[in-house]
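This is what each chain is made of:
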Amino acid sequence: MSAVDTGAQAAPAKRGETRLQRLFRTMLYGANVDRNVKAKARLLLAMVVFIGLYGIIAGRLVMFAVISDGHSGRRSVTQDAVATARPDIIDRRGSIIATDVKTPSLFAEPRKLIDVDEAVELLTATLPDLDAKELRERLSSNRGFVWLKREITAKQQKEIYRLGLPGIGFLTENKRIYPNGPVVSHEIGHVNVDNQGIAGMEKWLDGQGLAALHMAGLATDRLQRPVELALDLRVQFALRDELVKAREKFSANAAAGVVLNVNTGEVVAMVSEPDYDPNNPREANDPTRINRLTTGVFEMGSTFKIFTLAMGLDSGRVTLNSQFDGRQTLRYGRFTIHDDHPLNRMLSVPEIFTYSSNIGAARMALSLGPEYHRAFLKKMGQLDRLRTEIPESAEPIVPKRWGELNTVTIAFGHGLSVAPLQALMGVGAVMNGGLLIPPTFLKRTPEEARALATQVLKPETSKQMRYLMRLNSEKGTGTKANVAGYYIGGKTGTAEKVINGRYAKNKLLTDFIAVMPADKPKYLLLIMLDEPHGSKETYGFATAGWNAAPTAAKVISRIGPLLDMQPRFDLPNADQLILASDKVVR
Amino acid sequence: MISRAQRTPIGEWWWTVDRLTIAAVGALMLAGIVLSLAASPPVAGRIGLEPFYFVNRHIFFLFPTIAIMLGVSFLTPHQIRRLALIVFAISLVMVAVTPIFGQEIKGAKRWLVLFGVNIQPSEFLKPAFVILIAWLFGESAKRPEMPANTFALILLLTVVALLVIQPDFGQTMLIVLVWSALFFMAGMRVIWMFGIAGAAGFGLLVAYYTVPHVATRIQRFLNPQSGDTFNIDVATESFMRGGWFGQGPGEGTVKRMLPEAHTDFVFSVAAEEFGVVLCLALVSLYTFIVVRAMLRAMRNDDPFCRFAAAGLTMLFATQSAINMAVNLHLIPAKGMTLPFISYGGSSMLSLAYGMGMLLALTREQPRGAMLTAPDDLLPAGSRP
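Summary of the structure given here. Along each chain, numbering runs from 1 in the same order as the chain's sequence is written. Key to labels: chains lettered from A, ligands numbered from 1, both in the order written. Thresholds applied to this predicted model are a pLDDT of at least 70 for local features of residues and 80 or more for the giving and counting of side-chain atom pairs; totals over whole chains, interfaces and linings are not thresholded and use all residues. Heavy atoms throughout the structure, all of them, feed into the side-chain values; hydrogens and water do not.

Turning to the overall build of chain A, a few remarks are in order. Counting secondary structure elements, chain A contains 18 helices and 18 strands. Only protein chains enter the calculation, and the probe is 1.4 Å; a residue is then buried if its accessible area is under 20% of its type maximum, exposed if over 50%, and partly exposed in between. Relative to its 586 residues, chain A shows a buried fraction of 54%. Here the Shrake-Rupley method, with its probe set to 1.4 Å, supplies the accessible areas, and only the displayed protein chains count as covering residues. By element, 53% of the accessible surface of chain A is carried by carbon and sulfur atoms, the whole surface being about 26400 Å². Put simply, DSSP H or I for four residues or longer makes a helix, DSSP E for two residues or longer makes a strand, and each gets a number counted from the N terminus.

Here we take up the overall build of chain B. Scanning chain B from N- to C-terminus turns up 15 helices and three strands. Out of the 384 residues belonging to chain B, those deemed buried represent 56%. Note on contacts: a residue pair qualifies if any of its non-hydrogen atoms lie within 4.5 Å across the two residues. In chain B, the share of contacts with a sequence separation of at least 24, taken over all contacts with a separation of at least 6, comes to 70%. Only carbon and sulfur atoms are counted for the fraction: they give 70% of the accessible area of chain B, which is about 15900 Å².

This part covers the pattern of salt bridges. Residues and elements named next belong to chain A. A carboxyl oxygen of Asp or Glu within 4 Å of a side-chain nitrogen of Lys or Arg is what we treat as a salt bridge. Evaluated as defined, the whole model comprises 35 salt bridges over all chains. Here Lys245 and Asp241 are joined by a salt bridge, their closest N and O atoms 3.4 Å apart. Of this pair, Lys245 and Asp241 both sit in helix α8 (residues 233–249), four residues apart, which is roughly one turn of that helix. Residue Asp241 is classed as partly exposed on the basis of its relative accessible area of 24%. Salt-bridge contacts for Arg385 lead to Glu395; the nearest nitrogen and oxygen are separated by 3.8 Å. Residue Arg385 is located in the loop between α12 (370–379) and α13 (404–411), and its partner Glu395 is located in the loop between α12 and α13; the two are separated by 10 residues in the primary sequence. Ionic contacts of the salt-bridge type, sharing partners, join the residues Arg86, Asp100, Arg176, Glu202 and Asp206 into one network.

We now examine the side chain of Thr98(B). Residue and element names in this part refer to chain B. Relative to the helices and strands, Thr98 is located in helix α4 (residues 77–101). From its side chain, Thr98 meets the backbone oxygen of Met94 in a polar contact 2.4 Å long. Here the side chain of Thr98 touches Val95 through a polar contact of 3.2 Å, landing on its backbone oxygen. Whenever a nitrogen or oxygen atom comes within 3.5 Å of another N or O atom, the pair is scored as a polar contact, on the condition that within protein one atom can donate a hydrogen and the other can accept it, and that pairs from neighbouring residues in sequence are kept only if both atoms are in side chains.

Our focus in this paragraph is the sheet that holds strand β16 (residues 489–499) of chain A. Residues and elements named next belong to chain A. Strand pairing is assigned whenever DSSP identifies at least 2 bridges connecting the two strands. A sheet is described by the order of its strands in space; here five strands give the open sequence β7-β6-β18-β17-β16, paired in antiparallel fashion. Two strands lie at the open edges of the sheet, namely β7 (267–273) and β16, each paired on one side alone. Direction aside, neighbouring strands of the sheet carry axes that sit 15° apart on average. In the sheet, strand β17 (residues 502–516) pairs with strand β18 (residues 523–530) via eight bridges, with the strands oriented antiparallel. Residue Val515 lies in a different strand from β18, and its bridge partner there is Leu524. Axis definition: a line fit to C-alpha positions, over the contact stretch in the case of helices; interaxial angles, taken between N-to-C directions, run 0 to 180 degrees. Running over the sheet, α8 touches β6 (254–261), β7 and β18 and is turned about 25° from β7.

Before going further, it helps to spend a moment on the pairing of strand β2 (residues 96–108) of chain A. All names here are of chain A. Across the 13 residues of β2, 10 count as buried, placing the element largely inside the fold. Hairpin connection of strand β1 (residues 89–90) to β2: five residues between the antiparallel strands, including Gly94 at a positive phi of 100°. Pairing of β2 with strand β4 (residues 168–177), which is carried by 10 bridges, proceeds in the antiparallel orientation. Within β4, the position partnered with Phe107 by the bridge is Gly169.

It is worth spelling out the side chain of Thr16(B) at this point. Residues and elements named next belong to chain B. Secondary-structure assignment places Thr16 in helix α1 (residues 9–16). There is a polar contact of 2.9 Å between the side chain of Thr16 and the side chain of Arg363. Dropping the residues within four chain positions of it, Thr16 is found in contact with Arg296, Thr362, Arg363 and Glu364.

The subject of this paragraph is helix α13 (residues 303–327) of chain B. Residues and elements named next belong to chain B. To estimate how far a helix should extend, the number of its residues minus one is multiplied by 1.5 Å. Taking 1.5 Å per residue as the helical rise, α13 with its 25 residues ought to reach 36 Å, and the 36 Å between its terminal C-alpha atoms agrees with that figure. Of all 25 residues in α13, 25 are buried; the element is thus mostly enclosed. In the stretch just after α13, His329 is the one whose phi turns positive, near 60°.

The subject of this paragraph is the packing of helix α5 (residues 121–142) of chain B against helix α14 (residues 345–361) of chain B. Residue and element names in this part refer to chain B. Axis separation between α5 and α14 bottoms out at 7 Å; the angle between their running directions is 20°. Between α5 and α14, the crossing angle belongs to the class labelled roughly parallel. The two elements α5 and α14 cross, and the hand of that crossing is right-handed. Here Glu123, Phe124, Pro127, Ala128 and Ile131 of α5 lie close against α14, whose contacting residues are Ser346, Ser347, Leu349, Ser350, Tyr353, Gly354, Met357 and Leu361. Residue polarity follows a fixed list, in which Ala, Val, Leu, Ile, Met, Phe, Trp, Tyr, Cys and Pro are nonpolar, Asp, Glu, Lys and Arg are charged, and the others, Gly among them, are polar. Residue composition of the contact of α5 with α14, grouped by class: eight nonpolar, four polar and one charged. Oblique is the label for any angle not covered by the other classes, which are roughly parallel (under 35 degrees), roughly antiparallel (over 145) and roughly perpendicular (65 to 115). Crossing handedness is read from the near helix: turned anticlockwise from the far helix by less than a right angle, it gives a left-handed crossing, and turned clockwise, a right-handed one.

Residues and elements named next belong to chain B. Where α4 meets helix α6 (residues 148–165), the axes come as close as 8 Å, and the angle between the chain directions of the two elements is 35°. Seen from above, α4 lies across α6 with left-handed handedness. From α4, Phe88, Leu92, Val95, Ala96 and Pro99 reach across to α6, where they touch Leu155, Val159, Leu162, Leu163 and Ile165. Here the residues of the contact of α4 with α6 sort into 10 nonpolar, no polar and no charged.

Attention shifts here to the packing of aromatic side chains. Two aromatic rings are characterised by how far apart their centres lie and by the angle between their planes. Only Phe, Tyr and Trp rings are paired, with Trp represented by its six-membered ring, and only when their centres lie within 6.5 Å; those with planes under 30 degrees apart are stacked, over 60 edge-to-face, the remainder tilted. On inspection of all chains with the given rule, the structure shows 17 aromatic pairs over all chains. The interplanar angle of 55° and the centroid separation of 5.7 Å between the aromatic rings of Tyr286(B) and Phe316(B) together place this pair among those described as tilted. Placement of the pair is Tyr286(B) in helix α12 (residues 266–299) and Phe316(B) in helix α13, with a sequence separation of 30 residues. Here Tyr286(B) falls in the buried class, since its relative accessible area comes to 0%. Every member of this aromatic cluster is reached through a ring pair, and the members are Phe64(A), Phe239(B) and Phe267(B). A cation sits over an aromatic face here: Arg470(A) above Tyr487(A), 4.1 Å from the ring centre. Two conditions define a charge sitting above a ring: the NZ of Lys or the CZ of Arg must be within 6 Å of the ring centre, and it must be within 35 degrees of the ring normal.

A few words on the pairing of β17(A). All names here are of chain A. One ladder, built from 10 bridges, connects β16 with β17; its direction is antiparallel. The partner of Glu496 across the bridge, within β17, is Leu508. As consecutive antiparallel partners, β16 and β17 are separated by two residues, and within that stretch Asn500 has a phi angle of approximately 55°, a positive value. From the end of β17 to the start of β18, which pair antiparallel, there are six residues.

Residues and elements named next belong to chain A. Listing the buried residues of α12 in full gives Pro370, His373, Phe376 and Leu377. Projected down its long axis, α12 carries its buried residues within an arc of 130°, all on one side. Among the structural elements, α9 (305–315), α11 (358–368) and α13 are those in contact with the buried residues of α12. Directions from the helix axis toward the C-beta atoms define the arc.

With that out of the way, let us pick up the environment of Lys203(A). All names here are of chain A. Here Lys203 shows up in helix α7 (residues 200–216). Using a relative accessible area of 41% as the deciding quantity, one classes Lys203 as partly exposed. Between the alpha carbons of Lys203 and Pro391 there is a distance of 7.2 Å; along the sequence they are 188 residues apart. Not counting residues up to four positions away in its chain, the partners in contact with Lys203 are Gly197, Ile198 and Pro391.

Spatial relationships are all this shows, so hold off on functional conclusions.
Right under this line is the structure:
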């Protein structure tokens, strides 16, 4: 390099330069500077800057290409349309309850449309149920993506495809299908048009991180394992079938039933009829079609005496041989408590149960006091909202101030409204040896259940209660449900419904809780009828013994074999089989 | 003809000119034809011209382009300066009269109709301006008695004033940038850089507050929700759609949606149909040309040649980088053509002129030729 040495000369003044010019030059470029070397360095700097700029551009290009590799090209416009796959839901034996089916959905990219009029004309000709005005509005918008119709048939897709319209396309979407229709409705819930769960187990599923997966667009089909429910589809079907028939037979507003595994808390079947078809969930919003077992709260009537007697026996102050005064009606303030089957004498504990004596139950509860009563029911989970997997649940209606009058009425099942499933959970604890197990709709092993359970009663109390339940089937109000071979124990309940703040004599809620078998309980069955009516066949009676109990009998004879219950005949009476084993424990 | 045995002008040219750069420019032109075939028929169809209108014109313009580029590359630095002075004078007058006689397109008067041909005079102003500025800065190093810096500043202000009147902020920015860069290379103290940056920032701020479309464009870039970002959305989407290897020739959709698919957004069309791989190839071609020209400029000891070559390179590089960056949504939208690829007669001829001068200025010059060169080509320090 030839040295171009402006700076080296560094003379204060250059040839021909005035002082002003020199000052100016020094200010601009600095004194004693080799401008040649400086220029080279700065050129190099400029080169590096441009290489950097091109590098950034190349980096951005690579970034786009990598993103593009991640999801297929079309996605960027139609991001809200990514497949929202859901896992299958199967019953405990593997039958499908809910599954995804791929269906095409019709969309348009209005910016790419050439002739809106032509598109509107051809599309409405193919899909007559499309609203032409709305369609035109959508197609004329300046948006990148609009849905035209979700879930069209394969035939329609073919026809539209053949129209050859630019800017009209199809996206395969997942449509949720419930092959059993209304048989499993309230429990499974349903999804909206975007395949998001909005009720029942479907909503629970979204809460388990599925919603987040959907948001991230990662909910692909292969990722997901089926969800196993505790439900047995066969039992569910039998239960629903009998409930539909019973509702018709007794002209009831509604009929509901639950089969609960006493030892695990699994809900094997749950029906609240009238129900709806989750494939077409429009009816789900009808208030008469609510799930009465979890979303409704009811005064359960005499079945609540199970709790009253269990409380008495568990307290140690009452034994099976204790006597309570049933000689006359019980007056409390301005209220008078009657018995349906008055004996007008002293009553033993088994008599209170089998004759379903309101007076006896009330006196027993009073003998322990309202505080004790309230604490006991709290312990049995009857005063707090029962939360299960499904989002539908209701708070029990508990009296704000719990006085003696409340204890009197609640002793025989009035004045406290609970969700029926909640009551059944409590009864489960009374039957299974005293373990309160929160019910579940998912599969659960006995070990898992035991880990979750709380011991709320002495095992001995549970045995005495099973004896009473069996006794009531042998010679009490529950005889009509005593299906031979299954050693059923059961308790009826009939509650007058509160209409406009008063108890209505002719509007009843009847229920029946059966334990099967009573000596070694496996399952509980709850049958509930809302406003059943008497008929000739029932001699005009509309109480639980005449409708809920016979319905339970029909259900038991159908589901017994399905639940692997071995029929046993010629078994001894309750006092021998159950109370005798009681002595062995002692 | 290009034998080394004899000294013919063409032979001398062939052995001294940067043949690899010519090859790279040729590759760009070829890509330009292919992409014009891809991008322009839908655009032509949309405005009611026959499909290959733009393709034909694009190819038609390539002939004068090549001729000008090669022709200019034969010139000596001395001739280049003279030519630049003439071109600058003519185009300055044309730029000056554009606001009066020009054709208004999209709210700005940038086009002049001469003999039935649309001409954008500011395109031709740019390379000539760079040459003059490089000469002035070169002189300021050699002959301090000449008020070269003052002249350079006056030239800049004149050109900027004329361009702002049109208004054409893209070209203004480009010219200010190149001028500042040349000033910087000429050895200006770093402290002045802050001054220039401050002035540029102030100018931008004034533009932001006085010219509505500048403001909206910047706002849209910073906050895409604030307005219609249709062009940019579509352009960005095309890169995603294209992926590494593209959708395939003719499979693109961007060209059907963007009115400037064949000019400002040809890069997006390339991405969608031919993939990011082609885009990366184009970026490498530009990088290659720029780095090579810069290295040659550095090797050149003559201040004028060095500054002129560097200035022309920066003009070329900035223009290509801005176009690609806008397509990739790295900077706010700014209409600027992609050198030798975008459609546009004025732009192409101007680029040919610039590239021709760059080739001429970066020719290998034997030391001997320099020593016998006219007086003003000699470095000041080596003067006897």
